[in-house]
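Okay, here's what each chain looks like letter by letter:
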Amino acid sequence: MPRQFPKVTLSEAEEETQLLAEKVYASALKEEDSKDAISMFMLEDCPIGLQQAREHEILKEKKSLRMIRSQSMSLQIPVNADWTRSVAVTPFLSPSSTCSSVPDNCPDYQRVTISGDYCAGITVEDYEQAAKSLFKALLLREKYSKLAYHRFCRTTAQFLCSAGNMKWSEEDEVLPDICPHPKQGEDPYSMENIPENLNYELKLKDGIVYVYDCAEALKENRPHDLPYPDLETFAIDLSHVLAMTADGPTKTYCHRRLNFLSSKFYLHEMLNEMAELKELKGVPHRDFYNVRKVDTHIHAAGCMSQKHLLTFIKKTYKTDADRVVLEKAGQKMTLQQVFHSLNRDPYDLTVDSLDVHAGRQTFHRFDKFNSKYNPVGASELREIFLKTENLINGEYFARIIKEVAHDLEESKYQHAEPRLSIYGRSPEEWDSLSKWFIHHKVHSPNMRWIIQVPRIYDIFKSKKLVPNFAKMLENVFLPLFEATVNPQKHKELHVFLKYVSGFDSVDDESKHSNHMFSFRSPKPDQWTTDDNPPYSYYIFHMYANIMVLNSLRKERGLSTFQFRPHCGEAGSITHLVSAFLTADSISHGLNLKKEIYLFFFSAAVDCISSYQTFLQCGLNGFNSEPLMEEYAIAAQLWKFSTCDVCEVARNSVLQSGLSHQDKKHFLGVNYLQDGPEGNDIRRTNVAQIRMAYRHETLCNELSFIVDAVKTEPCMNKMEPVIDRIQPC
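One structure accompanies this document, and this report is about it. (Residues numbered from 1 in each chain as written. Predicted model: local features only at pLDDT ≥ 70, side-chain atom pairs only at ≥ 80, totals over all residues. Heavy atoms only, no water.)

## Thoughts on the overall build of the protein
Thinking step 1. The helix and strand tally for the protein stands at 25 helices and 15 strands.
Thinking step 2. Intrachain contacts of the protein at a sequence separation of at least 6 include 75% that bridge at least 24 residues.
Thinking step 3. In the form shown here, the protein has an accessible surface area of approximately 31,200 Å², with 51% of it arising from carbon and sulfur atoms. (Helix = DSSP H or I, 4+ residues; strand = E, 2+ residues; numbered from the N terminus. Contact = heavy atoms within 4.5 Å. Areas by Shrake-Rupley, 256 points an atom, 1.4 Å probe, with all protein chains shown as cover.)

Shown next, in the form of structure tokens:
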């Protein structure tokens, strides 16, 4: 992996691509500007309505396919092959070439293959153009993933190497380095064995923290050997992917392949559901209830159920009614006085009057969703019970989170990654949060923490809390660099960061921005207007600092961080394209229907959030196990089988910020391998048939792309070509 960020100059970027990307961005801005607010709540945006319509179409499709499958498909059960090689199916297939390579240890199942002279569904010229565009997009994502120590799909990396006639090896793979939880009996808050200070110099330049070995190196502008990205290169790379999303042949190709994949999976289910169930029935001591599952998308202020919060408030009022808990307008108030000022009697509170459930009226309404964090609609109660910084130093918030953690530990098989906020209004926020964590002893082996940074620069600027956007970035990231180079001076923060797995960027994605992000965008220290920067601007600068920070921490043998922003809940396509390049994975992704083919190759969507639409991920549970409740609702709504929900649970562990040691224990020692070899059915309860299907399908799709880059298909003759088995 190159140590320096590979820069791209404007002369290397095609002018046509730049112009097309700017048109896409301008179109997105125009669409946001002219969007009718009422249209956001029409029936076509309702996931349940869409799902019912899709189910109706699927039933019709299944009936039709049962009648014609013998004429249009060849269903074969291959028996032996060399699993050390991967399938590379070209778009030219003959009936004799429909057999796929499968592992000897994989159980036989009914495979769906397409026979015929030409199976890509578009012209050869369009296919070549689309494949080359997709190939370049995947190379760009691989570059950004490796530089930031994010995960990149191993199978995709192998195929990309094969296209360049290079050999892939495990030594070249870049993975996050996440600190494991302390062993039983060890003190999770211990401040012993903290690394020594390096006394490096730090300086924010163009919104990115630069590291210097000494004061002289800073004076001579000789930064430490770390990859330092620049806005211009990112904007150029972003324009390539943006232009691809507007390219006609590429859009047609992706649309057809997605339709094929969808139909293929429904056929797979129809043909192999009973075989998968038979596999699961043969697994002793394992079912959905005792496989590991992680809530990868939950806010700390919403990690408890409604009933839990209600009970906690009533219980606290009984014991602490006379305790001073709030300062308002210079006057200190007891808990009893707070409720009296709200004209509320805690005894009369109910789940309904608490009103913290994110129902269907909050869909696409960030304002209403955010208000649900105010119990009974009172911001005072939010500050008292759901904040880490208040008059009581976040004691109540810590207590209720510890109760949630205790429930997770009692259930044993459930984990969560709650989000805590760092706003960027002052550098002292990090010290305050880490002291809250250690003082109240909030650590739990079933919890990892993600730091969410709200995109609210415009609010801070209007209140004169920050002079420019660069100051907000400095307040968020400079303390992290300080704790990394001089951990002895920031012991509490050093300890807390062991249990932080990543960062999130949060806020209302539907907010409109008049600025068109490009290489001409002003630097953060020049962003002095009251306007909020666009989503892509936020995403790049967060990624850039995380990339440098991860490289520095990796050098010191410390844990690294993932970047997992909220993305695709609303807003334009530019959000998804920005996250495709920079994010380890994304939350929500509701707008992925047009761009999901790219994310298909990178496995970059948090699986839990893929079906959390109305429920969202805050204060949404009715019972004591909100995560299990969500699985149950999703299984009922989408008709998930046992294998389906176990696969979702397995994916949640893979996408999570759990350590490598934890994942080996929960998923099996070979979990990093792809296909059935990486699945331990005794731990995951996911059928080997399902894992083989997933892997073979991914390999087939990748081979379409790689073949167009590696070889030139016949342009004039539509004659069939035999399968080529190519090493990854």
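## A look at unusual backbone geometry
Thinking step 1. Here the phi dihedral of Asn165 falls at roughly 55 degrees; this positive angle occurs in a residue that is not glycine.
Thinking step 2. Considering the arrangement of structural elements, one finds Asn165 in the loop between helix 4 (154-163) and strand 4 (201-205).
Thinking step 3. Exposure remark for Asn165: the relative accessible area of 65% places this residue in the exposed category.
Thinking step 4. Phi is positive for Lys464, which is not a glycine, with a value near 60 degrees.
Thinking step 5. Residue classification places Lys464 among the exposed positions, given a relative accessible area of 74%. (Buried < 20%, exposed > 50% of the residue type's maximum accessible area, 1.4 Å probe, protein only.)

## Structural notes on the pairing of strand 10 (residues 449-454)
Thinking step 1. When you tally the buried positions in strand 10, you get six out of six residues, the bulk of the element.
Thinking step 2. Viewed along the sheet, the connection from strand 9 (residues 414-421) through helix 14 (residues 429-439) into strand 10 turns out right-handed.
Thinking step 3. Sheet topology places strand 10 next to strand 11 (residues 500-506); six bridges connect them, and they run parallel. Bridge pairing links Val453 to Ser505 in strand 11. (Right-handed = clockwise from strand over helix to strand, strands pointing away. Pairing = 2+ DSSP bridges.)

## Concerning the pattern of salt bridges
Thinking step 1. Following the criterion strictly, the structure yields 24 salt bridges and no others.
Thinking step 2. Residue Arg690 pairs with Glu276 through a salt bridge whose shortest N-O separation is 2.9 Å. Placement of the pair is Arg690 in helix 25 (residues 688-710) and Glu276 in helix 7 (residues 248-281), with a sequence separation of 414 residues.
Thinking step 3. Residue Arg690 is classed as buried on the basis of its relative accessible area of 0%.
Thinking step 4. Across the pair Arg690 and Glu647 runs a salt bridge, and its minimum N-O distance is 2.7 Å. Of this pair, Arg690 sits in helix 25 while Glu647 sits in helix 22 (residues 642-655), placing them 43 residues apart in sequence. Each member of the pair, Arg690 together with Glu647, is buried.
Thinking step 5. Salt bridges linked by common partners bring Glu276, Asp644, Glu647, Arg690 and Arg694 together as one network. (Salt bridge = Lys/Arg side-chain N within 4 Å of Asp/Glu carboxyl O.)

## Observations regarding the sheet that holds strand 10
Thinking step 1. Overall, parallel pairing links the five strands, which are arranged 6-9-10-11-12 in an open sheet. In the strand order of this sheet, the two ends are held by strand 6 (293-299) and strand 12 (562-563), each with one partner.
Thinking step 2. Strand contacts of helix 22: strand 6 and strand 12, with the helix running at about 65 degrees to strand 6, the strand carrying the most contacts. (Axes fitted to C-alpha atoms, helices over the stretch in contact; angles between N-to-C directions.)

## Structural notes on the packing of helix 22 against helix 25
Thinking step 1. At a closest axis distance of 11 Å, the pairing of helix 22 and helix 25 adopts a crossing angle of 65 degrees. The chirality of how helix 22 crosses helix 25 is right-handed. Across from Cys643, Asp644, Glu647 and Arg650 in helix 22, the residues of helix 25 making contact are Arg690, Met691 and Arg694.
Thinking step 2. Here the residues of the contact of helix 22 with helix 25 are counted per class, giving two nonpolar, no polar and five charged. (Left-handed = near helix turned anticlockwise from the far one by under 90°. Nonpolar A, V, L, I, M, F, W, Y, C, P; charged D, E, K, R; others polar.)

## Focus: the packing of aromatic side chains
Thinking step 1. Taken as a whole, this structure holds 27 aromatic pairs when the rule is applied.
Thinking step 2. Aromatic rings pair up to connect Phe5, Tyr144, Phe234, Tyr457, Phe469, Phe517, Trp527, Tyr537, Tyr538, Phe540 and Tyr543 into one cluster. (Phe/Tyr/Trp six-rings, centres within 6.5 Å; stacked < 30°, edge-to-face > 60°.)

## Some remarks on helix 7
Thinking step 1. The terminal C-alpha atoms of helix 7, which comprises 34 residues, lie 47 Å apart, in line with the 50 Å expected from a rise of 1.5 Å per residue.
Thinking step 2. A maximum bend of about 60 degrees is found in helix 7 at Asn272. (Expected span 1.5 Å × (residues − 1). Bend = angle between axes of the 7 residues up to and from the residue.)

## Considerations on the side chain of Arg154
Thinking step 1. Mapping Arg154 onto the fold places it in helix 4.
Thinking step 2. A relative accessible area of 9% places Arg154 in the buried class.

## Focus on the nonpolar core
Thinking step 1. In this structure, Ile401 and Trp449 are the most contacted members of the largest nonpolar core, which totals 148 residues.
Thinking step 2. With 13 residues, helix 18 (residues 535-556) is the single largest residue contributor to this core.
Thinking step 3. Counting only domains with at least three residues in this core, you end up with domain 1 (112-292 + 413-727) and domain 2 (306-394).
Thinking step 4. Core analysis: the second largest hydrophobic core is formed by 17 residues, Met628, Ala635, Val645 and Val686 among them. (Core = buried A, V, L, I, M, F, W, Y, C linked by side-chain atoms within 4.5 Å. Domains from an automatic or database assignment.)

## Here we look at the side chain of Lys264
Thinking step 1. One can find Lys264 in helix 7.
Thinking step 2. Buried and without a salt bridge, Lys264 has Glu701 as its closest oppositely charged side chain, separated by 6.1 Å. (Lys, Arg positive; Asp, Glu negative; His and termini not counted.)

## Observations concerning the packing of helix 7 against helix 25
Thinking step 1. It is at 9 Å that the axes of helix 7 and helix 25 come closest, and there the two elements cross at 160 degrees. Between helix 7 and helix 25, the angle falls in the class roughly antiparallel. Where helix 7 crosses over helix 25, the two elements pack in a sense that is right-handed. Touching Tyr253, Arg257, Phe260, Leu261, Lys264, Phe265, His268, Glu269, Asn272, Ala275, Glu276 and Glu279 of helix 7 are Gln688, Ile689, Arg690, Tyr693, Arg694, Thr697, Asn700, Glu701 and Phe704, all from helix 25.
Thinking step 2. Split into classes, the residues belonging to the contact of helix 7 with helix 25 amount to eight nonpolar, five polar and eight charged. (Parallel < 35°, antiparallel > 145°, perpendicular 65-115°, else oblique.)

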